[in-house]
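Fold and geometry: a report
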Amino acid sequence: MAGGRANVIAGSTMMVPRWVQRKVLRYLRILVLLALTVLLVTPLRNALLFPVFPGAWRAHTSLRLVRMLMDNQHFPIDTPYSHVGDAAGRMTSLQVNLSDVSRFLEKDDPFAEFRRQREVLAQKAKQDVSAAKELALIDSFKPVMSLEERAQLLFTMDVFLKACTEHNLTFFLFEGSLLGAYRHHGLVPWDDDVDIALNASQWQKVRHVLGNIPGFTLYSPPDSQWKFYLSHLPNFHDKPFKWPNLDLFFFTERDSYVWGLTWGVKNHLMLHVQHLLPLTTVLWERWRLPAPACVERMVLNNYGADTCVTPMYVHKTNQERFGFQTGAVECSRLHKFYPFVFRHVPTTQEGKRDVVESKKVGDRVLNNMTVSAPPDVCSE
């Protein structure tokens, strides 16, 4: 019977007229040609795939993108922490006083205005349906971290910065942290981690240094992002790392282009080296930190400046969200709740490459600072 069924199937295939087969092949060739055209003609590809195509990819050819996607992080890590040391067998000389975390516990609540404005809205919501809807929206943007957790994260950042300075490790702010520097001069108020890009050529040195700082742990898998955090924090029941932490990603350079080697940042880290170097600095919380030369270009390509979106991943609880579970709103609706940075070129400074950055919450100016305008290459 099995042989009979096979003959029937084979016979039915043979019964397809040749002209039908030729037409099918012709359409297949047309489809393949159209697909290749879309992929190889960059403007056409960008126009057709615009809704789903990462902004950081649009300036690059499909062949270069394929090369980037095939170039992935895979570090041959086989040395346990207890034997990690530098080339001469020495550990880092960085000394850490864990009680210093108290220096980062802010006396004044940085989000006091959010809580005050939210309380006003909550009172209105008791009698106003539209206010109730606004309250539900605003609550999706409430701060994730407590003041103690913020202090732990900022202390961890401080130790990381000291280690990088002592050992000449190359890094820059990236992802949500770069967006936070550009839009808030610090953490995005509803974010809960720090994103940092490091040079993959230094991965062994990074591991030697960060893996041997007393009181801290470096989680360093061979093929995904690393995490750096205080060792005494509580454990997750289903994760091998702790929180609050710094998310560490790696980048590489090939033929004048820089891209993410760690898979998690490939959609946002793809640029010509002239848009990255020389690194500039941005204000982030209490530090001036390294950032790509074309900060605004990267932020606008990856996120846009006018729409505020809640994270797809909550690190505090290790919960991943689907698109329909995230909130998105025009940032202007949050201006009275949180500090935002506004930029303008002074009218008396025409012809000079200066920009004034004003950090305000509502109509109240918190501070002003003058920075250099981005280099001309950033508009190319």
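Just above sits the structure.
This part covers the nonpolar core. Counting residues in each nonpolar core, the largest one holds 64 residues, and the members touching the most others are M157 and F160. The element best represented in this core is helix α7 (residues 147–167), accounting for 10 residues. When sequence neighbours within four positions are dropped, the list of residues in contact with M157 reads L173, V194, I196, L246, W284, W287 and L289. Counting residues in hydrophobic clusters, the runner-up holds 19 residues, among them F111, W190, C308 and L334.

This next bit is on the pattern of salt bridges. For the structure shown, the criterion picks out 13 salt bridges. We note a salt bridge from E113 to R116, for which the minimum N-O separation is 2.8 Å. Of this pair, E113 and R116 both sit in helix α5 (residues 112–125), separated by 3 residues, roughly a single helical turn. For K162, the salt bridge goes to D158, with nearest N and O atoms at 3.2 Å.

The subject of this paragraph is the pairing of strand β16 (residues 364–372). Of the strand pairs in this sheet, strand β15 (residues 354–361) and β16 are connected by 8 bridges, and their pairing is antiparallel. In the sheet register, E357 faces β16, and the bridge partner there is M369. The turn linking β15 back onto β16 is made up of 2 residues, and G362 within it adopts a positive phi angle of 65 degrees.

Okay, the state of the cysteines next. A complete count under the given rule lists 2 disulfides for this structure. The disulfide that involves C294 links it to C378, with 2.0 Å between the sulfurs. Every disulfide takes its handedness from the sign of the S-S torsion; for C294 and C378 that torsion is -85 degrees, giving left-handed. Of the two residues, C294 is situated in the loop between β9 (287–291) and α10 (295–302) and C378 in the segment after β16; the sequence distance between them amounts to 84 residues.

What follows covers a positive patch on the surface. A cluster of basic side chains, namely R18, R22, K23, R26 and R29, defines a positive patch on the protein surface. Assessed through its relative accessible area of 56%, R29 is described here as exposed.

We now examine the packing of α5 against helix α6 (residues 129–139). For the pair α5 and α6, interaxial distance at closest approach is 8 Å and the crossing angle is 150 degrees. With respect to α6, the axis of α5 lies roughly antiparallel. Crossing of α5 against α6: the hand is left-handed. Of α6, the residues touching α5 (which contributes F114, R118, L121, A122, K124 and A125) are A131, A132, E134, L135, I138 and D139. Residues of the contact of α5 with α6, tallied by class, amount to 8 nonpolar, no polar and 4 charged.

Turning our attention to the packing of α7 against helix α9 (residues 203–210). At a minimum axis distance of 11 Å, the contact between α7 and α9 shows a crossing angle of 125 degrees. If you check the angle between α7 and α9, you find them oblique. Handedness of the crossing formed by α7 with α9: right-handed. Contacts between α7 and α9 involve F160, A163 and H167 on the former and, on the latter, K205, V209 and L210. Each residue belonging to the contact of α7 with α9 can be placed in one class, and the counts come to 4 nonpolar, 1 polar and 1 charged.

Take α7 next. Its 21 residues place the ends of α7 30 Å apart at the C-alpha level, agreeing with the 30 Å of an ideal helix rising 1.5 Å per residue. When you tally the buried positions in α7, you get 16 out of 21 residues, the bulk of the element. N168 sits one or two residues past α7 and shows a positive phi near 55 degrees.

Bridge count for strand β8 (residues 280–284) against β9 is 5 bridges, and the pairing is antiparallel. Following the sheet pairing, W284 is matched in β9 by W287. Two successive antiparallel strands, β8 and β9, enclose a turn made up of 2 residues, where E285 displays a positive phi of approximately 55 degrees.

In this section: the sheet that holds β15. The sheet built from 3 strands is open, its strands ordered β14-β15-β16 with antiparallel pairing. Edge positions in the open sheet fall to β14 (340–344) and β16, since each of these has one partner strand only. Each strand axis lies, on average, 25 degrees off the axis of its neighbour in the sheet, ignoring direction. Bridge count for β14 against β15 is 5 bridges, and the pairing is antiparallel. Within β15, the residue paired with H344 across the bridge is V356. Contacts from helix α8 (residues 175–184) reach β14 and β15, with the element oriented near 65 degrees to β14.

Calculation rules
Each chain has its residues counted from 1, following the order in which its sequence is written. Given that the model is predicted, a residue must reach a pLDDT of at least 70 before its local features are reported, and side-chain atom pairs must reach 80 or more before they are shown or counted; all residues, however, enter totals for whole chains, interfaces and linings. As a convention, hydrogens and water are excluded, and side-chain values are obtained from all of the structure's heavy atoms. The set of buried Ala, Val, Leu, Ile, Met, Phe, Trp, Tyr and Cys residues whose side-chain atoms join them within 4.5 Å is what this entry labels a nonpolar core. Whether a residue is buried, partly exposed or exposed follows from its accessible area with a 1.4 Å probe, protein chains only, as a fraction of its type maximum: under 20%, in between, or over 50%, in that order. Put simply, DSSP H or I for four residues or longer makes a helix, DSSP E for two residues or longer makes a strand, and each gets a number counted from the N terminus. Contacts are assigned to residue pairs that have any heavy atoms within 4.5 Å of one another. We define a salt bridge as a contact between a side-chain nitrogen of Lys or Arg and a carboxyl oxygen of Asp or Glu at a distance within 4 Å. For two strands to be treated as a pair, DSSP must find no fewer than two bridges joining them. We call a pair of cysteine sulfur atoms a disulfide when they lie within 2.5 Å. A patch is a set of surface residues, each over 30% in relative accessible area and not in a salt bridge, joined within 9 Å for like charges and within 5 Å for the nonpolar side chains Val, Leu, Ile, Met, Phe, Trp and Tyr. In this description, accessible areas are obtained by the Shrake-Rupley approach with a 1.4 Å probe, and a residue is regarded as covered only by the protein chains that are shown. None of His or the chain ends enter the tally, which takes Lys and Arg as positive and Asp and Glu as negative. Taken as the charge centre is NZ of Lys, CZ of Arg, CG of Asp or CD of Glu, depending on the residue. Between N-to-C directions, angles cover 0 to 180 degrees, with each direction set by a line fitted to C-alpha atoms, over the stretch in contact for helices. In what follows, roughly perpendicular refers to angles from 65 to 115 degrees, roughly parallel to angles under 35, roughly antiparallel to angles over 145, and oblique to any angle outside these ranges. When the near helix sits turned anticlockwise from the far one by under a right angle, the crossing is termed left-handed; a clockwise turn instead gives a right-handed crossing. Polar here means any residue other than Ala, Val, Leu, Ile, Met, Phe, Trp, Tyr, Cys and Pro, which are nonpolar, and Asp, Glu, Lys and Arg, which are charged; Gly is therefore polar. The length a helix should cover is 1.5 Å for every residue beyond the first.

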